[in-house]
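Overview (structure and organization)
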Amino acid sequence: MVDHIYLDYAATTPVDPRVLNAMLPYFNETFGNPSSVHRYGQQAEAAVESARETVATALNCRPDEIVFTSCGSESDNLAIRGTALAMREKTGANWILTSRAEHHAVSKTAEQLKKHYGFQVEWLETDETGMVSPETVERVFRKDTAIVSVMYANNEIGTVNPVAEIAAICRTHHVPFHTDAVQAAAYLPVDARSLGVDLISLGAHKFYGPKGIGMLYVRQGTPIFPLQTGGGQESGRRAGTQNVPYIVGFAEALRLTAEERQQRIAHVRPLRDRIIGTVLEEIPDSRLTGHPITRLPNHSSFTFKGMDGNLLLTLLDTAGFACSSGSACKTGNPEPSEVMTAIGLSREWGLGSLRVTLGAGTKPSQVDAFLKALPGIVQQARALNRG
Ligand SMILES: Cc1ncc(COP(=O)(O)O)c(C=O)c1O
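No experiment lies behind these values; they were computed from the predicted model shown.

**With respect to the environment of Asn33**
Inspection of the secondary structure assignment puts Asn33 in the loop between helix H2 (25-28) and helix H3 (39-59). Under the C-beta neighbour-count criterion, Asn33 is labelled partly exposed, with 14 such atoms within 10 Å. Residues Asn33 and Ala44, spaced 11 residues apart in sequence, show a C-alpha to C-alpha distance of 6.3 Å. Beyond its immediate chain neighbours, meaning those up to four positions away, Asn33 contacts Gly41, Ala44 and Thr241.

Written out as structure tokens, the structure reads:
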């Protein structure tokens, strides 16, 4: 049995042992409900509020602008549906502007708002690297826009968008701007003030925190309705007893990420560059997807002409490598993902995508082993595809 090599850090990361240690006391020692009046409750509440302050420091914002949620997807839902509904009530605005390369947590929310809530959606085109330009946003802007949402960094192809410039345009139109920073937060500073955005989604499991905990930054004064109604937790923006150990874990993971950002980048970037250089040089009919420079430092992504990306993943897994693809196929009727279509790839290219994402545990020897094995495995996948 080959030792398995994990090259899918954009899907999720292992919990940092330091994060786990910070969380443990909050399962059964300091276990109170933060809403309770007694001292058990006060201790739990102190932990949540201290975590909120840590997160606010990392985001350069006020603690009361942080709303803890259950994941990145929930944060995206709360930002878009919560703000679209509140803006419509406030101003009558009913357009949603979002890009064609968003994560489904954003795009499916926009589609639902169109289908069931009577909103209109303007899909922003990207260029061939998946980037949304500020000019595109300016060109299609409508005065009755309720919210604009453009991701900070793309999960499938790693491209980093000019969100500060897009935020500035939205500000001149007095329209809230949301960015999904779920992928970006592991490597890019998420400074709410200097980005100038109104809503930011994060999820802890992309930066060595636990799964099942997220956060939405809501700039003071941004209109937003809660999606989950009930108790008054999170200043009435998200009902439900707070997940104290996971909130503590979220804060510790984000604090460590901010503190260790430069070392983490220095570790992954040269390995990523080696992967990109070698793949493009050694594998015929291969292309890099996403931006060649303005991309996440741990992220490499490719397409191979005339290949089934899912077959490639299966062969890679059998050979001991855990990677990912952008194809939405789980059913035997493969279709290129929306992102592959947004960047203009034909079906012939769009089905053969591969994403290789690195992290703290990636060793140079693992990258060597992967690069040694990949050309043969691609060849095998192509032969099986033809056969
Ligand atoms: C860009 C982006 N947005 C949102 C999500 C959803 O986050 P979660 O898994 O925490 O719901 C992901 C997860 O892959 C993502 O990459």
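After that view, the rundown keeps rolling.
**Examining the sheet that holds strand E12 (residues 353-357)**
Strand order across the open sheet formed by 3 strands is E9-E10-E12, with antiparallel pairing between neighbours. Both edges of this open sheet fall to strand E9 (286-288) and E12, since each of them pairs with a single strand only. The average angle at which neighbouring strand axes cross in this sheet is 25°, direction not considered. Where strand E10 (residues 299-304) lies against E12, 5 bridges are found, and the strand directions are antiparallel. Each bridged residue has a counterpart across the sheet, and for His299 the counterpart in E12 is Thr357.

**Points about the packing of H3 against helix H9 (residues 244-282)**
As a packed pair, H3 and H9 sit with axes 9 Å apart at the nearest point and diverge in direction by 25°. It follows from the interaxial angle that H3 and H9 lie roughly parallel. Every pair of crossing elements has a handedness; the one defined by H3 and H9 is left-handed. Contact residues: H3 offers Ala44, Ala47, Val48, Ala51, Thr54, Val55 and Ala58, while H9 offers Val244, Ile247, Val248, Phe250, Ala251, Leu254, Arg255 and Ala258. Tallied by class, the residues present in the contact of H3 with H9 amount to 13 nonpolar, 1 polar and 1 charged.

**A closer look at the sheet that holds strand E6 (residues 177-180)**
Strand pairing in a sheet relies on backbone hydrogen bonds, with the paired strands running either antiparallel or parallel. Read from one edge to the other, the open sheet built from 7 strands follows the order E2-E8-E7-E6-E5-E3-E4, with strand pairing classed as mixed. Pairing within the sheet leaves two strands with one partner each, and these edge strands are strand E2 (66-69) and strand E4 (120-124). Averaged over all pairs of adjacent strands, the angle between strand axes in this sheet comes to 20°, irrespective of strand direction. Both strand E7 (residues 199-203) and strand E8 (residues 214-218) contribute to a ladder of 5 bridges, which runs antiparallel.

**A word on the domain arrangement of the protein chain**
Along its sequence, the protein chain is organised into domain 1 (5-12 + 261-386) and domain 2 (17-257). Centre-to-centre, using C-alpha coordinates, domain 1 lies 28 Å away from domain 2. Taken together, the contact between domain 1 and domain 2 spans 23 residues of the former and 22 residues of the latter. Counting residues per element, the ones that place at least two in the side of domain 1 that touches domain 2 are H9, E10 and helix H11 (338-342). Class assignment for the residues of the side of domain 1 that touches domain 2 results in 7 nonpolar, 11 polar and 5 charged.

**Observations regarding the site of the ligand**
If you check the shell around the ligand, you find 13 residues, and the closest are Cys71, Gly72, Ser73, Asn155 and Gly203. Looking at the shell around the ligand element by element, the count peaks at 3 residues for helix H4 (residues 72-91). Tallied by class, the residues present in the shell around the ligand amount to 4 nonpolar, 7 polar and 2 charged.

**Quick word on helix H13 (residues 364-386)**
Each turn of an α-helix holds 3.6 residues, which means side chains three or four residues apart point in the same direction. Compared with an ideal rise of 1.5 Å per residue, which puts 23 residues at 33 Å, H13 spans 34 Å between its outermost C-alpha atoms and is within 8% of the ideal. Within the sequence span of H13, burial applies to Val367, Phe370, Leu374, Val378, Ala381 and Arg382. Buried residues in H13 make contact with strand E1 (5-6), H9, E10, helix H10 (309-318) and strand E11 (321-322).

**Some details on the pairing of E12**
Burial runs high along E12: 5 of the 5 residues are buried. Residues Ser353, Arg355 and Thr357 line one face of E12 and the alternating positions Leu354 and Val356 line the opposite face, and both faces are buried.

**So, the packing of H10 against H13**
The relative placement of two packed helices comes down to the angle between their axes together with the axis-to-axis distance. In contact at an axis separation of 9 Å, H10 and H13 are set at 130° when each is read in the N-to-C sense. By the criterion of interaxial angle, the relationship of H10 to H13 is oblique. In the packing of H10 onto H13, the handedness of the crossing is right-handed. Where H10 abuts H13, its residues Leu311, Leu312, Leu315 and Leu316 lie against Ile377, Val378, Gln380, Ala381, Leu384 and Asn385. When grouped by side-chain class, the residues that make up the contact of H10 with H13 number 8 nonpolar, 2 polar and no charged.

**Notes on the nonpolar core**
Residues Val55, Ile96, Met215, Tyr217, Ile247, Val248 and Phe250 are the most contacted members of the largest nonpolar core, which totals 78 residues. Each residue touching Val55, except ones within four places of it in the same chain, is listed here: Ile66, Met215, Phe250, Ala251 and Leu254. Of all hydrophobic cores here, the second largest spans 25 residues; its members include Leu316, Phe321, Val367 and Leu374.

**Details of the pairing of E6**
Alternating positions in E6 separate into two faces, Phe177 and Thr179 on one and His178 and Asp180 on the other, with burial throughout. Note: strand E5 (residues 145-149) against E6, 2 bridges, orientation parallel. Bridge pairing links Ser149 to His178 in E6. Each parallel crossover has a hand, and for E5 linked through helix H7 (residues 163-172) to E6 it is right-handed. In this structure, E6 lies alongside E7, joined through 3 bridges in parallel fashion. Looking across to E7, one finds that Thr179 is bridged to Ile200.

Rules used in this analysis
- Residues numbered from 1 in each chain as written.
- Predicted model: local features only at pLDDT ≥ 70, side-chain atom pairs only at ≥ 80, totals over all residues.
- Helix = DSSP H or I, 4+ residues; strand = E, 2+ residues; numbered from the N terminus.
- Buried ≥ 20, exposed ≤ 12 C-beta atoms within 10 Å, placed from the backbone.
- Contact = placed C-beta atoms within 7 Å.
- Pairing = 2+ DSSP bridges.
- Axes fitted to C-alpha atoms, helices over the stretch in contact; angles between N-to-C directions.
- Parallel < 35°, antiparallel > 145°, perpendicular 65-115°, else oblique.
- Left-handed = near helix turned anticlockwise from the far one by under 90°.
- Nonpolar A, V, L, I, M, F, W, Y, C, P; charged D, E, K, R; others polar.
- Domains from an automatic or database assignment.
- Near = placed C-beta within 6 Å.
- Expected span 1.5 Å × (residues − 1).
- Core = buried A, V, L, I, M, F, W, Y, C linked by C-beta atoms within 7 Å.
- Right-handed = clockwise from strand over helix to strand, strands pointing away.

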